[in-house]
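# Topology and contacts: notes
The primary structure of each chain is shown beneath.
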Amino acid sequence: MKESPIGTSSSGMLEGQKLQGMVVKRVEKELYEIFIGPQHPGSGHMRIIVRLDGDVIVEADPDIGYVHRTMEKLSEVREWLKPIPLLERMTIIDACNATVPYVNALEKLMDKSPPPRASYLRVLLCEINRVASHLYGFGIFGVFLGHSTMYMWTFGDREIFVDLAEILTGARLTHSYPIPGGVRRDMPQDFPEMARRAVRYMRGKLEEYRRIFLDNPVIVKRLEGVGVISRNKAAELGIVGPNARASGIRYDVRLAEPYEVYDELDFEIPVFEEGDSLARTWIRVEEIKQSLSIIEQAVDWLERHKGEPIIPKEDYDKLPKLHKEVYEKTGRVKLLPVNATMKIPAGKAIARGEMGRGEIIYYVESDGGTTPYRVRVVTPSARNAIVFKYIVPGHRLMDLPAIYGSIDYFPPEADR
Amino acid sequence: METILYLIAYPPLWQVLILGFVGALLVAMVAIWFERKAVARVQRRIGPYWASPRLGGFMMIVADLIRYATQQVIIPTTVDKIAFLLTPVAVLVVTILPLAFIPLSPHELYWPVASMEYSLLIALALTTLPPLLTAVLGWASSNKFSIIGSLRESYVITAYELVAVLAILAAAASTLSFNIAYIVEAQQPVKWLAILNPLAFLAAFLAVLMSTSAFPFEIPESEHEVVAGPYTEYSGILYVLNMGGGYIRRFIYAIIIALVFLGGWAPYTPGLDPFTGFIIPSLIVLVKASIIVLIMSFLRAVYGRYRLDQALDAAWRLALPLALLGLGWSIVLAYMNLI
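These lines cover the structure that appears in this document, whether it is placed above or below.

### Thoughts on the overall build of chain A
Along its length, chain A carries 18 helices and 10 strands. Over its C-alpha atoms chain A spans a radius of gyration of 23 Å, differing by no more than 12% from the 22 Å that the globule rule assigns to 416 residues. On the principal axes, the C-alpha backbone points of chain A span a range of 75 × 55 × 35 Å. Looking at chain A as a whole, 58% of its 416 residues qualify as buried. At a minimum sequence separation of 6, the contacts of chain A that also span at least 24 residues come to 68%. In chain A, which carries 57 positive and 59 negative side-chain charges, the distance between the mean positions of the two groups comes to 3 Å.

So this is what it looks like as structure tokens:
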């Protein structure tokens, strides 16, 4: 229970030794210590060290890092475009949201801005990703509470949005869609109708989810008043995304610092006051509704502005004749080899974006070479992991999945 | 002919071996198959299919059974070997045992035990044994998740056992007899206690859900906190004995409920020969019990699981008063001579 950095420890152990980042814990005989994870049906790619007093958790230690893939370091040895397919693998279910801010940072360094159609296409894919990501989180949450029906339904319905993304970009999950200055592909002709049908279908399904899951007396009993994060606590812990908004903090990067064309779109940021697991569940339903509305608006805009460019004029002029033909005919942008070894002017840039799980921040530094000098990523899950440490204690062991699922924590995203 | 039929229908043999082990195995398999198939239908899946498309994938369950039976049984070095190996077998035997004290015919000739005067009490008492062995499982496994699972099981026992006993004994109160055969005969033809006394029936249903860890009370083996609860360390055939034990227990409870609440063989008046007097009534009870088991299995598609303390709360605050009310209403029924 008591913990103190080595050296200042009152336990007398290892006095004088100072190991950075290490803590000494006194062994408490009355406490029952269980290791949930990394090989456990309810842990994900992480370990939660839980100390129990009877059925009550007195201490929970999130032990993250099991899927650390050194993405920041790998980005430094790859040419500027190559981190895009790399970085989207940290949140494979939310790929476009994860890479758009990186591309935005590059655009800031290159002083380039995408044409509006490219921006709308990015927003379209971002929102499709957001819906798919929330549905994924919902499914995991459902099965954490033993509700396998919710799991199957959401994973089945998520498939529709994954398919939409595939039709738009050619890949189910790892789209690598945005490139500095634009996007790789234009929308197919019949895409708007498909998107509208998916939106209509999903709206009906949300009602069914409410009836079987959100208004299910067992589920409500499990979630109501569990894992309450007060407004102050959320601000103090630096929680982001839907979890912060469920605690009454009206903060969304799409609102606070609109990127792409979010300032031209009409949508609301749902905010709840309760801050418990139930509010965190409901807010995701509301966000799905908003995302569906954004998808409709984006598709409408794209239909009205057919034939507009998806890469800047100066990039288009540089293309050889064959590539121009492909671009005119199929709407695909074939990148030149020169793009692989392009140099970006020296400088520093920060870009932010709102992923399904919250705010993602990129700090990109260039020394004028062909690779980034430094790419720093702060992901929402990395910031939400702290909930385990400070919110879980005091709850019962069976509340752990209820809180874990409700904050929609995604270990690969946190570990990068 | 008569002798051969009597040999087949020799009550202890028929009831404990054929209806008990074979019937319970079949019902458990059908229940698992139905659970997987029905839940798949709710969840927009197909469920088991390719093992036998014409049987709706039923052979998948047989295939699973074969796989479990031939799988390596891993015995961790830290376990208490004797308890670890014997308890699953003991669970199965003890679970079937109540059948020996349940009459499935109104005629004394076909009772497995000569006297059935206290059959309801004895059968109920025997149904309370398997949960104790579950506690032994967890202790023998020497695994933290197993121990937590067993502890949860023992918490849940305290909550549902009283409810189950009170609710089912309400039947005895209204018919003024502990003899199951007499209780069934009193319900002829459709004076079923489930209709006359729905409170006790509901309480008994809830208690059975809790005792057999069906949803929404699947707490002792809740996967996302305690992996598989008491069964975490088990593999192969020993695991099947444990898991199947749960289904068979549900089946035994369902037989008791079918007898005391759903009128047993009620609309049917058994004859005297072995076929009409014993085999047909017992099959009617089997069908009724299977329906109860299937309904209980289906709840998986609808509910999540309650938290441990909420389940205990529900048992003490909701199910226990319900059972007491049912008992009171039974006494009223008996007093007014309604049954």
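### Quick look at empty space enclosed by the protein
All names here are of chain A. Tallying each qualifying case throughout the model produces three cavities of 30 Å³ or more. Each pocket or cavity is described by its volume, and for the largest cavity that value is around 60 Å³. Residue lining of the largest cavity: G137, F138, F141, R280, T281, R284, G405, S406 and D408, and that is the complete set. A per-class count over the lining of the largest cavity returns two nonpolar, four polar and three charged. Estimates place the volume of the second largest cavity at around 50 Å³. What lines the second largest cavity is I92, I93, N129, A132, R158, F161, V162, A165, R172, L173 and H175. If you tally residues by element for the lining of the second largest cavity, the top one is helix α5 (residues 148–169), at four residues. Its residues assigned to classes, the lining of the second largest cavity shows seven nonpolar, two polar and two charged.

### Let's talk about the sheet that holds strand β10 (residues 374–378) of chain A
The strands that make up a sheet are held in pairs by hydrogen bonds between backbone atoms, and each pair lies either parallel or antiparallel. Residues and elements named next belong to chain A. What the three strands build is an open sheet, ordered β8-β9-β10; its pairing is antiparallel. Of all the strands in the sheet, the pair left with one neighbour each is β8 (347–355) and β10. Across the sheet, the axes of successive neighbouring strands diverge by a mean angle of 15°, strand direction being ignored. Bridging between β8 and strand β9 (residues 358–366) involves nine bridges; their strand directions are antiparallel. Note on β9: the bridge partner recorded for E354 is E359.

### Comments concerning the layout of surface pockets
Residues and elements named next belong to chain A. Computed from the structure, the second largest pocket encloses a volume of approximately 520 Å³. As for the second largest pocket, its lining consists of 25 residues, and the residues nearest its centre are D186, G307, Y327, E328 and G331. The set of elements that each furnish at least two residues to the lining of the second largest pocket consists of α5, α12 (313–318) and α13 (321–330). Per-element accounting of the lining of the second largest pocket gives the leading share, four residues, to α13. Classifying every residue of the lining of the second largest pocket by side-chain character gives 12 nonpolar, four polar and nine charged.

### A closer look at the interface of chain A and chain B
By a widespread convention, an interface's size corresponds to the accessible area lost as its parts come together. Contacts between the two partners involve 34 residues from chain A, matched on the other side by 30 residues from chain B. Summed over both sides, the interface of chain A with chain B buries roughly 2,800 Å², with 58% coming from carbon and sulfur. It is Y32, V218 and M398 of chain A in chain A that bury the most area against chain B; as a group they hold 22% of the surface buried on that side. Counting across the interface, chain A meets chain B through three salt bridges. Two residues, R44 of chain B and D157 of chain A, come together in a salt bridge whose shortest N-O distance is 3.1 Å. For the interface between chain A and chain B, the tally reads 18 residue pairs in polar contact (both at pLDDT 80 or more). Put simply, the parts of the chain that give the side of chain A that touches chain B at least two residues each are β3 (32–36), α4 (116–144), α5, α6 (191–214), α7 (217–223) and α17 (399–407) of chain A. Its residues assigned to classes, the side of chain A that touches chain B comprises 19 nonpolar, seven polar and eight charged.

### Focus: the packing of aromatic side chains
Given two aromatic rings, their pairing is described by the distance between the two centres and the angle made by the two planes. All chains considered together, the criterion is met by 23 aromatic pairs over all chains. Seen in terms of ring centroids, F84 of chain B and Y234 of chain B are 4.2 Å apart; in terms of plane orientation they differ by 5°. Their pairing is stacked. Separated by 150 residues along the polypeptide, F84 of chain B in helix α4 (residues 81–96) and Y234 of chain B in the loop between α11 (223–226) and α12 (236–260) bring together distant segments of the chain. You can call Y234 of chain B buried: its relative accessible area is 6%. Each member of the aromatic cluster is reached from another via a ring pair, and the members are Y136, Y151, F155 and F410 of chain A. Taking NZ or CZ as reference, R254 of chain A lies 5.8 Å from the ring centre of Y262 of chain A, over its face. One residue, K144 of chain B, lies across the ring of Y32 of chain A, its end atom 5.4 Å from the ring centre.

### Description of the environment of G405 of chain A
Residues and elements named next belong to chain A. Inspection of the secondary structure puts G405 in helix α17. With a relative accessible area of 10%, G405 lands in the buried category. Separated by 261 residues in the primary sequence, G405 and F144 place their C-alpha atoms 6.7 Å from one another. Setting aside residues up to four positions removed in sequence, G405 forms contacts with F141 and F144.

Rules used in this analysis
- Once a new chain begins, its residue numbering starts again from 1 and follows that chain's sequence as written.
- Chains and ligands are labelled sequentially in the order written, the chains with letters from A and the ligands with numbers from 1.
- Local features in a predicted model are, by the rule used here, given only for residues with pLDDT of at least 70; side-chain atom pairs are given and counted only at 80 or more, and totals for whole chains, interfaces and linings are based on all residues.
- Excluded from the side-chain calculations are hydrogens and water; all other atoms, namely the structure's heavy atoms, are used.
- Helix numbers and strand numbers start at the N terminus; a helix is a DSSP run of H or I with at least 4 residues, a strand a run of E with at least 2.
- The size measure is the radius of gyration over C-alpha atoms, and the globule rule it meets is 2.2 Å times the number of residues to the 0.38 power.
- For each residue, the accessible area found with a 1.4 Å probe, counting protein chains only, is set against the maximum for its type, and the residue is called buried under 20%, exposed over 50%, and partly exposed in between.
- Contacts: residue pairs with any heavy atoms within 4.5 Å of one another.
- Under the counting rule used here, the positive set is Lys and Arg, the negative set is Asp and Glu, and His together with the chain ends is not counted.
- In plain terms, the charge of a residue is placed at NZ if it is Lys, CZ if Arg, CG if Asp and CD if Glu.
- Put simply, the grid is 1 Å and covers the protein atoms alone, a cavity is a trapped set of points that fit a 1.4 Å probe, a pocket is an open set with protein on both sides within 12 Å along at least five of seven lines, and lining residues have an atom within 4 Å of a point.
- Grid points are joined across faces, edges and corners, and a volume is the space filled by probe spheres set on the points.
- Any residue outside Ala, Val, Leu, Ile, Met, Phe, Trp, Tyr, Cys, Pro, Asp, Glu, Lys and Arg is labelled polar, Gly included; the first ten of those are nonpolar and the last four are charged.
- A pair of strands counts as paired when DSSP detects no fewer than two bridges linking them.
- Axis geometry follows a simple rule: fit a line to the C-alpha atoms, using only the stretch in contact for helices, then measure angles between N-to-C directions, giving values from 0 to 180 degrees.
- What gets called buried area is simply the loss in accessible area from a 1.4 Å probe that two parts show on being joined, summed for both.
- What counts as a salt bridge is simple: a side-chain nitrogen of Lys or Arg found within 4 Å of a carboxyl oxygen of Asp or Glu.
- Polar contact is the term for a pair of N or O atoms within 3.5 Å; when the atoms are in protein, one must be able to donate a hydrogen and the other to accept it, and sequence-neighboring residues count only if both atoms are side-chain atoms.
- Each Phe, Tyr or Trp ring (for Trp, its six-membered ring) is paired with any other whose centre lies within 6.5 Å, and the angle between the two planes then decides the class: stacked below 30 degrees, edge-to-face above 60, tilted in between.
- Each ring is checked for a lysine NZ or an arginine CZ that lies within 6 Å of its centre and within 35 degrees of its normal; such an atom marks a charge sitting over the ring.

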